[in-house]
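Report on the structure
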Amino acid sequence: MTASTPQKVILSAQDVAIYYGTKDAVRHVNLDVVSNTVNALIGPSGCGKTTFLRAINRMHDVTPNTRVTGKILLEGEDIYAADQDPVTIRRRIGMVFQKPNPFPTMSIYDNVASGLKLAGVRDRKILDGIVEQSLRQAALWEEVKDRLKTPATGLSGGQQQRLCIARALAVQPEILLMDEPTSALDPQSTARIEDLLGELKKDVTILIVTHNMQQAARVSDTTSFFLIGDLVEHGPTDQIFTNPKDKRTEGYITGRFG
Amino acid sequence: MSMAGQLDLSGTRSQILRRQSSRKASNIFAGVVISICTLIVLIPLFAIFYYLISKGISSINLEFFTQSFKPIGETGGGMLHAIVGTLEMVGLASVIGVLLGVSGGIFLAEYREHKLVPWISLVSDVLSGIPAIVMGLVVYAMIVLTSKHYSGLAGALALGFLMVPIVVRTTEEVLKLVPSTIREAGLALGLPKWKVTLSVILPAATSGIVTGVMLAVARVSGEAAPLIFTAFGNNNFNADPRDPMAAMPLSIYQYAISPFPEWHRLANAGALVLIIMVFSATLIARVATRQRK
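Below you will find a few notes about this structure. Residue positions are given per chain, counting from 1 as you read along its sequence in written order. Chains and ligands are labelled sequentially in the order written, the chains with letters from A and the ligands with numbers from 1. It should be noted that, the model being predicted, local features are given only for residues of pLDDT at least 70 and side-chain atom pairs only at 80 or more, the latter also being counted only at that level, while totals for whole chains, interfaces and linings use all residues. Neither water nor hydrogens contribute to the side-chain values; these are computed over all heavy atoms in the structure.

By definition, any uninterrupted DSSP run of H or I lasting at least four residues is a helix, any uninterrupted run of E lasting at least two residues is a strand, and each is numbered from the N terminus. For chain A, the count of helices and strands is ten helices and ten strands. In this treatment the radius of gyration is a C-alpha quantity, and the globule benchmark scales as 2.2 Å times the residue count to the 0.38 power. In terms of overall size, chain A behaves like a compact globule, its C-alpha atoms giving a radius of gyration of 18 Å where 258 residues would be expected to give roughly 18 Å. Dimensions of chain A, computed from the C-alpha atoms along their principal axes, are close to 55 × 40 × 35 Å. When accessible area is computed with a 1.4 Å probe and restricted to protein chains, residues below 20% of their type maximum are described as buried, those above 50% as exposed, and intermediate ones as partly exposed. Here chain A, with 258 residues, has 55% of them falling under the buried criterion. We call two residues in contact whenever any of their non-hydrogen atoms come within 4.5 Å of each other. Long-range pairs, those at least 24 residues apart, make up 67% of the contacts in chain A between residues at least 6 apart in sequence. Accessible areas in this description were obtained via Shrake-Rupley with a 1.4 Å probe; residue shielding takes into account the shown protein chains only. Of the roughly 11200 Å² of accessible surface on chain A, 51% is carried by carbon and sulfur atoms.

What follows is the structure, encoded as structure tokens:
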């Protein structure tokens, strides 16, 4: 972890539990996330890491029979408080999904600009500027700058995923949630996106769910290990991978199960 | 309880091989049967085309498109009044059918948890089962009796109501085909749900919705029953939807049941033109939505 900037907790989960109907998928998670860091959530399938991630920008609101208890504080404010609007929360906390999901009828440009355009930004200069900036941040600008008006679905899978990152960045979120963003991609595309994260954390705080432990080790500052709905261990990535405190963490990272 | 230990498989293998050759035979047999059935299904279609073209093509000329009804005794006459009537009424009906139908389809597909959804779904199903003539009666009671006047508008309303359930269903089905990950992507950008639906989901489903609308247009273009006591028909040229209006199916019927061979030819020509109109409308809509992609 770089210690150049003063450490600020931007996101704090306090006793968070998530239920699908009566089944608890995630139990009593307490987790602090420091701003401008990359935080990996690891664990075997079905451990609740994606469920937890989706709670952070209230994506569970759209699935019926899902309930979130406890508090998730974004800069000290509970995003589940009654007066909070999920639309505003999602504006501040963006998300990149497992499979690239560009808007199928839109061009590359319109995909990146969609968040701003649909929120009412009309100024061409501002839009052009943000589209270029976001595509540069997502390391896609050089590949697409000559065909911004072509359909986004014409891009390769890896390019589409970087486009989705650019689209999420264009609305200037404070936090970016990434749900296994490279699991559907080839190794080269994966490497490009991993390289991005180090740059991106200057501007946003990143939480990334990954199946791939090596990826977590490569890209993250802190790592949280989930197992069957519990947050087993959380700490600096170096420590989690070299000197885990919990026997279960050790068992997972050494490949004894998972 | 079977005996544990070695199974004798020597017979099984030859049995499998034998069955494989019989499978091949039944595959060929099924293929032949299906092809024959397909041909049988296509026969009526081609028969209709053949009949209409052979009987009607000779009456399709400039006069057919430029003149209206002429009483028997006078030579010539065309179906301009009916063509205009059908275009106008189906056009107006489409406005009703698309507005109500697409809205209903959006509600059913995008607000699936809403308490009213099962009810609207049921009502839509019932509506699609109502005979066209009953729809005409309903509009007769609603509009014609109260305004004491037959009108093209009343006819358009009856046709529009017939379109609604078809458009509702197809809209619902194609919206459900749009992957939920696209919805989530929109919501995750901090867009309100209605905006995601209108600006992201609906455009992605446009071509499917257009197909549904064209199906509905094709269906109502050929309807005579709901127009009998709404639009009523009109032997004179009339483009004002507030007055009684002619329509292709009504005129075709009128000509077809007449005893005059001249009128029979007009009926056949009218049927041919009606089919061509629906077909070209479908084609244009397809091409237009394909270009948008």
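Anyway, onward from the coordinates.
Turning next to helix α4 (residues 124-137) of chain A. Residue and element names in this part refer to chain A. For α4, spanning 14 residues, the distance from its first C-alpha to its last is 20 Å, which sits close to the expected 20 Å at 1.5 Å a residue. Contacts made by the buried residues of α4 are with α3 (108-117), α5 (141-144), α6 (157-170) and α7 (187-200). The N-cap of α4, judged by a side-chain oxygen 2.9 Å from the amide nitrogen of K125 a few residues on, is D123. The first or second residue beyond α4 is A139, which carries a positive phi of 55°. Expected helix span is computed as 1.5 Å times (number of residues minus one). Here a polar contact is recorded for every N or O atom pair within 3.5 Å, except that within protein the pair must consist of a potential hydrogen donor and a potential acceptor, and residues adjacent in sequence are included only if both atoms are side-chain atoms.

The distinction between a cavity and a pocket rests on a 1 Å grid over the protein atoms alone: a 1.4 Å probe fits inside a cavity but cannot get out, while a pocket stays open yet meets protein on both sides within 12 Å along at least five of seven lines, and a residue with an atom within 4 Å of a point counts as lining. Grid points are joined across faces, edges and corners, and a volume is the space filled by probe spheres set on the points. Within this model, the largest pocket holds a volume of roughly 390 Å³. For the largest pocket, the lining is made up of 15 residues, of which A:V62, B:E110, B:E113, B:R183 and B:K193 are closest to its centre. Mapped by element, the contributors of at least two residues to the lining of the largest pocket are α3 (80-110), α7 (180-188) and α8 (193-204) of chain B. Note that Gly is not counted as nonpolar here; it falls among the polar residues with everything else outside the nonpolar set of Ala, Val, Leu, Ile, Met, Phe, Trp, Tyr, Cys and Pro and the charged set of Asp, Glu, Lys and Arg. For the lining of the largest pocket, the class distribution of residues is six nonpolar, three polar and six charged. Computed from the structure, the second largest pocket encloses a volume of approximately 290 Å³. Lining the second largest pocket we find 13 residues, and of these B:F49, B:I275, B:V278, B:F279 and B:T282 sit closest to its centre.

All names here are of chain B. Packing of helix α4 (residues 117-129) against helix α6 (residues 152-177) brings their axes to within 9 Å, and their N-to-C directions diverge by 130°. Comparing the axis directions of α4 and α6 gives the class oblique. Note on packing geometry: the crossing formed by α4 with α6 is left-handed. Here α4 contributes S121, S124, D125, L127 and S128 to the contact with α6, which in turn contributes F161, V164, P165, V168 and R169. In this analysis an axis means a line fitted to C-alpha atoms, helices contributing only their contacting stretch, and an angle means the value between N-to-C directions, from 0 to 180 degrees. Each angle gets one of four labels, with under 35 degrees taken as roughly parallel, over 145 as roughly antiparallel, 65 to 115 as roughly perpendicular, and the rest as oblique. The handedness criterion is simple: a crossing whose near helix is rotated anticlockwise from the far helix by less than a right angle is left-handed, and one whose near helix is rotated clockwise is right-handed.

Any two side chains of opposite charge can pair, on the condition that their charged atoms come close. Salt bridge criterion: a side-chain nitrogen from Lys or Arg within 4 Å of a carboxyl oxygen from Asp or Glu. One pass over the structure, following the stated rule, counts 26 salt bridges over all chains. In this structure, A:R92 and A:E75 form a salt bridge, with 3.1 Å as the shortest nitrogen-oxygen distance. Taken as a pair, A:R92 in helix α2 (residues 86-92) and A:E75 in the loop between β4 (66-74) and β5 (77-78) lie far apart in primary sequence, 17 residues in all. Residue classification places A:E75 among the partly exposed residues on the basis of a relative accessible area of 39%. Ionic pairing is found between B:K176 and B:E172, a salt bridge with its closest N-O pair at 3.0 Å. Taken together, the residues span about one helical turn, with B:K176 and B:E172 both in helix α6 at a distance of four residues. The class for B:K176 is partly exposed, based on a relative accessible area of 37%. Residue B:E172 is classed as buried on the basis of its relative accessible area, which comes to 7%. One network of salt bridges, with partners in common, ties together A:K8, A:E75, A:R92 and A:E174.

The next point concerns a nonpolar patch on the surface. Residues form patches when they are more than 30% accessible in relative terms and have no salt bridge. Like charges link within 9 Å. Nonpolar side chains (Val, Leu, Ile, Met, Phe, Trp, Tyr) link within 5 Å. Together, B:L39, B:L42, B:L45, B:F46, B:F49, B:I53 and B:I57 give the surface a local cluster of nonpolar side chains, amounting to about 630 Å² of exposed area. Tracing the backbone through its elements, the reader meets B:I53 in helix α1 (residues 10-56).

The next thing to look at is unusual backbone geometry. Residues and elements named next belong to chain A. Phi at H28 is positive, roughly 45°, even though this residue is not glycine. In this fold, H28 is placed in strand β2 (residues 23-34). Phi angles above zero are rare outside glycine, and E75 is one such case at about 45°.

Before going further, it helps to spend a moment on the environment of A:D128. Position of A:D128 among the secondary structure elements: in helix α4. On the basis of relative accessible area, A:D128 is assigned to the partly exposed category, the value being 36%.

Residue and element names in this part refer to chain A. Counting residues in each nonpolar core, the largest one holds 74 residues, and the members touching the most others are L11 and F52. Ignoring sequence-local partners within four residues, the contact set of F52 consists of A13, V16, I18, V26, V29, L31, L41 and F226. Grouping buried Ala, Val, Leu, Ile, Met, Phe, Trp, Tyr and Cys residues that are joined through side-chain atoms within 4.5 Å yields what is termed a nonpolar core. With 44 residues, the next largest nonpolar core counts A168, A170, A216 and V232 among its residues.

On to the interface of chain B and chain A. Contact residues are listed per partner, giving 17 residues for chain B and 25 residues for chain A. Carbon and sulfur atoms supply 71% of the area that chain B and chain A bury against each other, a total of about 1800 Å² over both sides. Of all residues in chain B, B:E184, B:A188 and B:L189 give up the largest surface area on contact with chain A, accounting jointly for 32% of the area buried on that side. At the boundary of chain B with chain A, the tally comes to one salt bridge. Of the charged contacts in the structure, one is a salt bridge between A:R54 and B:E184, with a shortest N-O distance of 2.6 Å. Where chain B meets chain A, there are five residue pairs in polar contact (both at pLDDT 80 or more). Where the side of chain B that touches chain A is concerned, the elements lending two or more residues are α7 and α8 of chain B. Examining the composition of the side of chain B that touches chain A, we find that seven residues originate from one element, α7(B), more than from any other. Buried area is calculated as the accessible area (1.4 Å probe) missing from two parts once they are joined, with the contributions of both summed.

Let us look at the environment of B:I284. Mapped onto the elements of the fold, B:I284 is located in helix α12 (residues 261-292). It is 21 Å that separates the C-alpha atoms of B:I284 and B:G160, two residues lying 124 residues apart in sequence.

Geometry of aromatic contacts follows a simple scheme: Phe, Tyr and Trp rings, the Trp one being its six-membered ring, pair when their centres are within 6.5 Å, and the pair is stacked under 30 degrees between planes, edge-to-face over 60, tilted otherwise. Tallied over the entire structure, the rule returns twelve aromatic pairs over all chains. Both rings, one in A:F225 and one in A:Y252, keep their centres 5.0 Å apart while their planes meet at 25°; by these two values the pair is stacked. Residue A:F225 is located in strand β9 (residues 222-227), and its partner A:Y252 is located in helix α10 (residues 247-253); the two are separated by 27 residues in the primary sequence. There is no split in this pair, since A:F225 and A:Y252 are both buried. Their ring planes at 15° and their centres at 6.2 Å tell us that B:F69 and B:Y255 sit as a pair that is stacked. Here B:F69 is found in the loop between α2 (62-66) and α3, whereas its partner B:Y255 is found in helix α11 (residues 248-256), with 186 residues between them in sequence. Both residues of the pair, B:F69 and B:Y255, count as buried. As a reminder, the over-ring test applies to NZ of lysine and CZ of arginine, requiring each to be within 6 Å of the ring centre and within 35 degrees of the ring normal. The ring of A:F103 has A:R167 sitting right over it, with the charged end atom 4.3 Å from the ring centre. Its end group placed over the ring of B:Y111, B:K193 keeps NZ or CZ at 4.4 Å from the ring centre.

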